[in-house]
Structures are given as structure tokens and as C-alpha cells.
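# A look at the structure
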Amino acid sequence: MTSEWGEKSSADLMSRYVSKEMGYAVPKEGWRICLAHEFKEKRKPFQAKDVSLSNVLDHIGLGIRYLKWWYKKTQVEKKAPFIDMFRAQPLRQIYGAPLGGIGGGTITRGWRGEFCRWQLNPGMYHYKTVTANQFTVCLRRGGQTVYQQVLSVERPPTLQGWNWGYCGEYAFYHALYPRAWTVYHLPGQNVTLTCRQISPVIPHDYQDSSLPVAVFVWDIENKNDYALDVSIMFTLVNGSGHKDDKSGGHWNEPFHLEKEGEAVSGVLLHHCTPVNPYTLCIAAREQPDREVSHQTAFSPRGTCSGLWSDLITDGRLDSPTGSSPPTPKGEKVAAALAVSCSVQAQSHNSLEFCLAWDMPTITFGSREREHIRRYTRYFGTKGDASPSLSHYALTHYRQWEKSIEEWQRPILQDSSLPSWYKSALFNELYFVVDGGTVWTELPEDADVSDGVRSENGGLPAQPAVIKEFGRFAYLEGQEYRMYNTYDVHFYASFALIMLWPKLALSMQYDIAGSVVQQDPTERLHLMSGRYSPVKAKNVVPHDIGDPDDEPWQRVNAYLIHDTADWKDLNLKFVLQVYRDFHVTQDTQYLRDMWPICQAVMESEMKFDLDGDGLIENSGYADQTYDGWTVTGPSAYCGGLWLASLCVMCKMARLVDKEETYQRYRDILDRGSTAFDKLLWNGKYYNYDSSGRDLSNSVMSDQCAGHWFLRASGLGDYQAFPKEKIQSALKSVFDLNVMTFAGGQMGAVNGMRPEGVPDRSSVQSDEVWIGVVYGLAATMIHEGMVEEGMRTAEGCYRTVWERLGMAFQTPEAYCEKGIYRSLAYMRPLSIWAMQLALNTSQKDQTSSAQTGTVEQGQDVRENQS
């Protein structure tokens, strides 16, 4: 199921690798790239200037209102707008797997080894490569240093006293998240180093997965006929390359911690900013045959030859005692840790490092209140946890790896699955951690429903699942900074419900609590120019806020539409509630959510303007496709509505509400008839029912409602006849996939039946990677496995192999030239493909068992 063009693009990434060394225990599956690789295609981000003239004319009011809002935000309030159409992040084709667990902040190490993307302040990204953050190797033979090299292909203008410019043709990077490997063959030395990077991201683990730590294990292979002494030095700047690194008052100190028969030592780098101070920590485990040494403080500017000479002299650092003085304003300080061991001839040995960071309490942009991070439940809130965190990581990482391998093994060993899919499935999970993610404790005074209790259609003030498992939030995208954007979470949620279901349920309770709240404050909405309430009752919020403001306190950071436009959000809430119940079988969750589902469905009923059981759109399709004009019922929203009626029928039966069941059943029967009559054209469902010139465009996501029914085990509801779904999917595959870009870039959102992309809006001619993975899942549910895999493969090859967007999968790209919104939530929907594969395997097993039983009955009948 791997195409020839796919194999070629994968091979291109390693074409410049000249060594035959493949590293120590590097897995076969994953994303692999030579450090000397250069991506040929350099794309630009979508910005305001890329809007076509016709679309500019259609949205001139929006443009003027956005410009005014942008000016006020950036020039008056001096804040970063949560969507910046004028300063999109340029594409840097450098990122690798992020470091750290869920919700404690992240540091990204690029595939060439640089520390280059920082999210320590919650939800706010800082894109800066810190030159002095490096690993350096020193080889000694017979008491003499024979080789010392910074393991970096860069040749920076600073730190000229160090030996830079390692030849990238002798190294490659391999990622299978949450682990990554960098293999360095040292030219002329007959030595190969394999750096294995491990973060504690472990499904169904709600303790270790929250830890802000990463471990680096260096495996050293000595293929010489003589022994070598090998030292690895880890250097780290106190800070993140941000201007506050020079704000003064930062200081470092060495530490040693011994407990439970294990000792670790290293350096603590205290970053003493007035807001969100933190401590970085580099540490190593002390063992009889390892020597750990350190340099408490050095200045990471100038030639820095003193540190280099210190290591080159004897393979160790001077290890001064005592703390460094606080930095004067304008100066930076860094620290170094070296670990040494002997490696016998034709033998192997290993060295271990830990990087930890401790920012236990956080405030968001408004500075209104402190939030406590999840990991503090186990390591305390005092800001002194770094030694304990590093001790725990260095003594538990093998256990983490065992758990990770047990989880990944069945998928990696499944020979029916193509290699690209295994890489995509695990590597796209980076966003669960690196989506500006926060995981906090529920404050003692919090009330998720703002005083609306269960008897009035609300929830308990502190639902048990949030109290026990904490509050979870992640951004729509690193550039679209809104927490828990619900229409996008609809797609991404498969990763959470399958791997960390308690976090998925916790988030649903939070959303449900906000549904019953209202905020009558009038606010200008940029799309319509109308003033309307910030939050209407019984309407699902678009999101729960901007990290530069105060998430959870004020819902709906989004200003584009008012709540009247958000028809699909309510439906997506109902569909997710049942899907989550189907996966978890949590009956208390179902009982708690039932009245809220009823309330949001009632608020949707007003859109059934002609009483035919089908809701209608006006002005905009819905929240997800907010650039597409639509009139009357549409395939997307209409399909979500019918699917929601199906799950309401199912839930009514589960909670013994027969009368309610009959009501929804009646609406469903009438709505299905109307949907079929208004939208089915004999091959697929029309985009909308308006009869406009473009209403018969082929929308790639037209079967989204049916997809959720299949994912929830309700494919037998027949809201959408099987033969019509399969015909629609075939039309999408033939037109949106195979007629677009030679079938090599996934599915374009909109395609005309004559085989040219629909260019009627800024989004219709885009490919949305997360939508494509959902479409592929739908195909797999319908037995179109080969078509589903081919469809999804186009996105993976384009993003990870052609465009250099590893670990920053965007929301969208066009056939040529541009992309939009790097590092986006929606591609986590690839886990919907895995759910579909799991479901189809179960169906096949159960069919085979049924066949065996029937066969047995036939035999018994014949015998009798």
C-alpha cells in the first residue's frame, strides 16, 4: 500500500547520507532524515495579501474591522493578536520531536540537534535557536585527547573557540514520537554515537506523562582495536533565547541528590523573571564507572575557549563548588555538564543525561490568577523540584520505554500497515504535548458551571473527573492561539479519547459547564459587523480563551462570528459525547451530559425553518468552513445534524426516555427524507441546496456525520444509505484526491464535478490535513482501505517529506506556493484512522466467529 512516488520521496531524505553505520538499536519505522538534507521547496505562509481580489471584495468589511482590531491589539495594548494575518511565522524546515510530557511546557530540539522552539510560558511560543545549547564529544586514547567536536553542522559567528561544522553527511535523525534518535558517525574515528531522546508521553498514564523532563541516552560504539575514554558535554544557557535572558538576576548552582540508593548530580539554572520564574536543570546519574563533572557558570558569548580547553585537557570539567553570582543586567549565563566512561575495543557503552524544567505555578497574559500545573501533585509547588524530577526521570526512563514499546509494538509489527502510516500515526502525536498544552489542577474555588446545578441543567461545581485528573487545554494551533477550539477538537479528539480518555472527558465536562453559562456583554463580531452577546446560553463556545488573556475565565476568544453562526459546534458536542461514551462505557458521564445534549439540540431546532426536520444555514456554512458561503441545508451541517439525531435516539434509549426517543426518531425520519431529496444528486451530496452555480461542488468532508456514526458503532442507523455513502466517497476519491495534483497531495476541500478545484473561497481550494485523515478513516470504515490509505499518504508525503514541515503540520496547504497556520491541532485526527482499522479488524473477527458458529450449527443439523 506504499506508492512508488512515496518510496522515492522517503529515500530523498536520506540520499546524502554517506556512512553505512545505522546506529545502535534504531527502529526501522519512523521519520528519517540525513542532517545534510536540504528541502528544495520553500513555501510561504498565507497572509492577507494572498486573498484573491474577488474574495477581498466579498469581505472588505471584515478586512477593515480586522485591521482596526489588529492595530488596537498590537500598537495600543502591546499584545500579540491570537491570529496575526500580517506576521505569520515563516517556514523553518528544522523542527524535531519536542521534549517533555503533557502540559508542563515544551522545548523543541530540531532534527539537526539545535534547541530551537520554546513554550515555557503557557501557550506562548518563542522561536529562537540558542547557539550555546549543544552536545560535544571528546575522545581520549592513552591519556591524550584525539578528537573533540561540537555535534552540530552549524558554523555560528559566536563561540569561535569551539570546533564547529560537523559534516552532516555522516549523521541522520530518526523520529518515532515520543522518542527520537540521532546517529553520528565520527569520520576517521571508527566511532558511532547514537543519541536517544525519550519523553514520558505514555497512553493511559496520568502521572509520569505530566512531567516536564526528557532523557538523552548516548550509546557509544567503539569499532577500534583499542579502548577509548569518551566524554559527552551538555551545555545549556540559563533562559530560552528570549530578551529576558539578559534581564539580570539569574544564577546557577551545582547540586547532588541521593535517595533510594541512586545518586544524581548536575547544575540548576534559576531563571528569576518576575512573571512565571522557572528553573532549568541538567543532570546525570552517578555510577561507579562513570565520571560526572560540571562547570557551574560560563558566559555564552565571545570565543568561550576556556570551557573548550577545560574539556580538551582531561575530558572532564573543573567542578567548582558554590553558586554563581546573579547575572548583571545585559549579561547571560550558561552551565555545562560532562559525563565520561571507558569503551573497550570492539565494544559498546552508554551515558545518560536528563533535562528538566520546573515552572510549577503559571499565570496567563491577564495575570489575574495563578494556576498550578499537574505535575506538582507529585513534585510540589515550591519551585525546588528539579533535582527530584531529574532523579525520577533517570531512574524510571527504562520503564517508560518499556511502556512505549508495548503500546507501539502491535502497530509497528502489523505488516498490513504501510511504513509511512506508522510514522504519521505516532509522530503527529507531538501536538498533544506541543500544542501550547496546559494541564492544571482544578482550583478549590472553581465552579465549572458558574452556579448552574444539575437540577437546572448544569453540572456539579467540581465534576469528579476534573478533580481527579485535572484541567486540560491545548491550542487550535501555535499560530492560532485559542484554547480548546471546539470545531477543530472534533477532529483531533480521537487521539485523546483513545490514548488519554480521562483528559478527553475532563475537557468535555469543562465545555459542558460553559454551555450553560451566558455572558450578555455586547461585542463587535468582525465577520458580520454586528454587536451581539459574547456567549449565549445553551450554545457550545468556540474556544475557552487566549493564553495572552485568561483561559477558563472568559470563553470565546474568537471574534470572527457571533454565536448564531456556530451551528456545527452544538452538533459536534452531541456527537462527541456519544462517541466518548462508546469508547469508555462511562455511564455516569452519559447521565451527566444527557440534559446538556438536550439543551443544545433544542437550541438547534430553531434553524429548522420550514419544519422538514433538517436545519438550514444562512450566510456561512458553519464554524469549521467559515469562508464558504452557503444557503439552505448543506451536506456538511445537514449530515452532522442527522448524525446528532441518531445519537440522541441512542442516548434516549440508554437513559430510558422513550418519549424523547420517539420525538427525535420522528425528526430524524423527516430530516433524512429532506436531506436525500434536497442534496443527493445521484453520485454524491451537493455542497448545498441553493441551486447556485457552485452548489454542486464536491466537498471532501461531506460524510463527516456518517464518519462519527461509524466511529461510535452506530453505522447501522442508516441515516445515510450505505450505497450512497460509498458512491459519495468514490466521487471524492476520484475527483478531490486523484484529479488533484496527480493524486499525490491528499484531498482538496472543494472540487468541481468537471475536475477543477473550487476557488470560490479562501478555503475551498486548500487541503486540510486533519480533514483528509478523517476522510481516510471514513473510507476505511466503509471497506475502502486502499483508497483511504492512498488519500492520507498524499498528505504525509507532502508535509513530512516534500515541504519540510515535520513537527509543525499545518492546518492547510494549496497545490502550489502557500500553506496556512503551522503546527495545528486537527491532524491528530489520524488516530481516527487507527480507530477505523481497529473497528474493521473486530468486525472481521466477529464475522469469522459468527461464520464458525453457523458452520458448527450446519454440521450438527446434518449429523442429526
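These numbers were taken from a predicted model, which means no experiment stands behind them.

Relative to the elements of secondary structure, Gln508 occurs in helix H11 (residues 501-515). On the basis of relative accessible area, Gln508 is assigned to the buried category, the value being 0%. Placed 37 residues apart in sequence, Gln508 and Gly545 show a C-alpha to C-alpha distance of 16 Å. Discounting residues that sit within four places of it in the chain, Gln508 has contacts with Tyr486, Phe573, Gln576, Val577, Asp580, Tyr589 and Met593.

For residues besides glycine, phi is generally negative; the peptide bonds are generally trans as well. That bond from Tyr177 to Pro178 is cis: its omega, 15°, falls within 30 degrees of zero. Within the secondary structure, Pro178 is located in the loop between strand E8 (171-176) and strand E9 (179-186). One non-glycine residue with positive phi stands out, namely Gln346, at about 50°. Given the relative accessible area of 52%, Gln346 is considered exposed.

In spatial order, the strands read E2-E31-E30-E29; together these 4 strands make up an open sheet with mixed pairing. A single partner strand is all that each edge strand has here, and the edge strands are strand E2 (44-45) and strand E29 (767-768). Across 2 bridges, the pairing between E2 and strand E31 (residues 818-820) is parallel. Bridging across to E31, Pro45 finds its partner in Tyr819.

Okay, the side chain of Glu616 next. Position of Glu616 relative to the elements: it lies in the loop between helix H13 (587-605) and strand E25 (617-618). Excluding residues that lie within four positions of it along the chain, Glu616 makes contacts with Lys567, Phe607, Leu609, Asp610, Gly632 and Pro633.

Before going further, it helps to spend a moment on the pairing of strand E7 (residues 144-150). Sheet topology note: the strand E6 (residues 134-141)/E7 ladder contains 6 bridges and is antiparallel. Each residue of the ladder has a partner; that of Cys138, found in E7, is Gln148. Linking E6 to E7, which pair antiparallel, is a turn of 2 residues; within it Gly142 sits at a positive phi near 60°.

Residues Leu53, Val56 and Leu57 make up a contiguous nonpolar surface patch of roughly 300 Å² in combined accessible area. For Val56, a relative accessible area of 34% gives the class partly exposed.

Moving on to the packing of helix H10 (residues 486-499) against H11. Running from N to C, H10 and H11 cross one another at 145°; their axes reach a closest spacing of 7 Å. Mapping the contact onto sequence places Tyr486, His489, Leu496, Ile497 and Leu499 in H10 and Pro501, Leu503, Ala504, Leu505, Met507, Gln508 and Ile511 in H11. Broken down by class, the residue content of the contact of H10 with H11 amounts to 10 nonpolar, 2 polar and no charged.

Turning our eyes to something else, we now look at the side chain of Ser493. Relative to the helices and strands, Ser493 resides in helix H10. The class for Ser493 is buried, based on a relative accessible area of 1%. Beyond its immediate chain neighbours, meaning those up to four positions away, Ser493 contacts Tyr474, Gln576 and Arg579.

Ring pairs (aromatic) are described by centroid distance and by the angle formed between their planes. Evaluated as defined, the whole model comprises 52 aromatic pairs. Ring centres of Tyr166 and Tyr184 lie 5.6 Å apart, and the angle between their planes is 75°; on these two criteria the pair is classed as edge-to-face. Linking Tyr166 in the loop between E7 and E8 with Tyr184 in strand E9, this pair joins segments that are 18 residues apart in sequence. With centroids separated by 5.2 Å and ring planes inclined at 50°, the aromatic side chains of Phe472 and Tyr474 adopt a geometry described as tilted. Residue classification places Tyr474 among the buried residues on the basis of a relative accessible area of 0%. One aromatic cluster is present, built from ring pairs that chain together Trp31, Tyr173, Trp420, Tyr421, Tyr430, Phe431, Phe472, Tyr474, Tyr796, Trp800 and Phe807.

Another point: the nonpolar core. Counting residues in each nonpolar core, the largest one holds 283 residues, and the members touching the most others are Trp31, Trp218, Phe573 and Trp831. Sorting elements by how many residues they give to this core places helix H14 (residues 635-654) first, with 13 residues. Not counting residues up to four positions away in its chain, the partners in contact with Trp831 are Trp407, Leu425, Phe426, Leu429, Phe494, Ala495, Met498 and Leu499.

One pass over the full model with this rule turns up 43 salt bridges. In this structure, Lys572 and Asp568 form a salt bridge, with 2.8 Å as the shortest nitrogen-oxygen distance. Of this pair, Lys572 and Asp568 both sit in helix H12 (residues 567-584), 4 residues apart, which is roughly one turn of that helix. For Lys572, a relative accessible area of 0% gives the class buried.

In this section: helix H17 (residues 722-737). Spanning 16 residues, H17 covers 21 Å between terminal C-alpha atoms, matching the ideal 22 Å at 1.5 Å per step. Within H17, burial applies to Lys724, Ile725, Ala728, Leu729, Ser731, Val732, Phe733, Leu735, Asn736 and Val737. On its buried face, H17 is in contact with helix H15 (658-679), strand E27 (698-699), helix H16 (704-711), strand E28 (750-751), helix H18 (769-781) and helix H19 (785-802).

This model, assessed by the stated rule, comprises 0 disulfides. Free of any disulfide, Cys637 has its nearest neighbouring cysteine sulfur in Cys703, separated by 15 Å. Taking relative accessible area as the criterion, Cys637 reaches 0% and is therefore assigned buried.

Turning our eyes to something else, we now look at the confidence of the model for the protein chain. In this model, the protein chain carries an average pLDDT of 93, and 95% of its residues clear a pLDDT of 70 or more. Low pLDDT, under 50, characterises residues 855-864; the stretch is placed with 0 contacts to residues that sit more than four places away or in other chains.

The 5 strands are arranged E7-E6-E12-E17-E16 in an open sheet whose pairing can be described as antiparallel. Single-partner strands in this sheet number two, and they are E7 and strand E16 (291-298). The average undirected angle you get between the axes of adjacent strands in this sheet is 20°. Bridging between strand E12 (residues 228-237) and strand E17 (residues 334-343) involves 10 bridges; their strand directions are antiparallel. Looking at E17, one finds that Ser231 is bridged to Ser340.

Cut-offs and rules
Residues numbered from 1 in each chain as written. Predicted model: local features only at pLDDT ≥ 70, side-chain atom pairs only at ≥ 80, totals over all residues. Heavy atoms only, no water. Helix = DSSP H or I, 4+ residues; strand = E, 2+ residues; numbered from the N terminus. Buried < 20%, exposed > 50% of the residue type's maximum accessible area, 1.4 Å probe, protein only. Contact = heavy atoms within 4.5 Å. Pairing = 2+ DSSP bridges. Patch = residues over 30% accessible without salt bridge, like charges linked within 9 Å, V, L, I, M, F, W, Y side chains within 5 Å. Areas by Shrake-Rupley, 256 points an atom, 1.4 Å probe, with all protein chains shown as cover. Salt bridge = Lys/Arg side-chain N within 4 Å of Asp/Glu carboxyl O. Axes fitted to C-alpha atoms, helices over the stretch in contact; angles between N-to-C directions. Nonpolar A, V, L, I, M, F, W, Y, C, P; charged D, E, K, R; others polar. Phe/Tyr/Trp six-rings, centres within 6.5 Å; stacked < 30°, edge-to-face > 60°. Core = buried A, V, L, I, M, F, W, Y, C linked by side-chain atoms within 4.5 Å. Expected span 1.5 Å × (residues − 1). Disulfide = S-S within 2.5 Å. pLDDT = per-residue confidence, 0-100.

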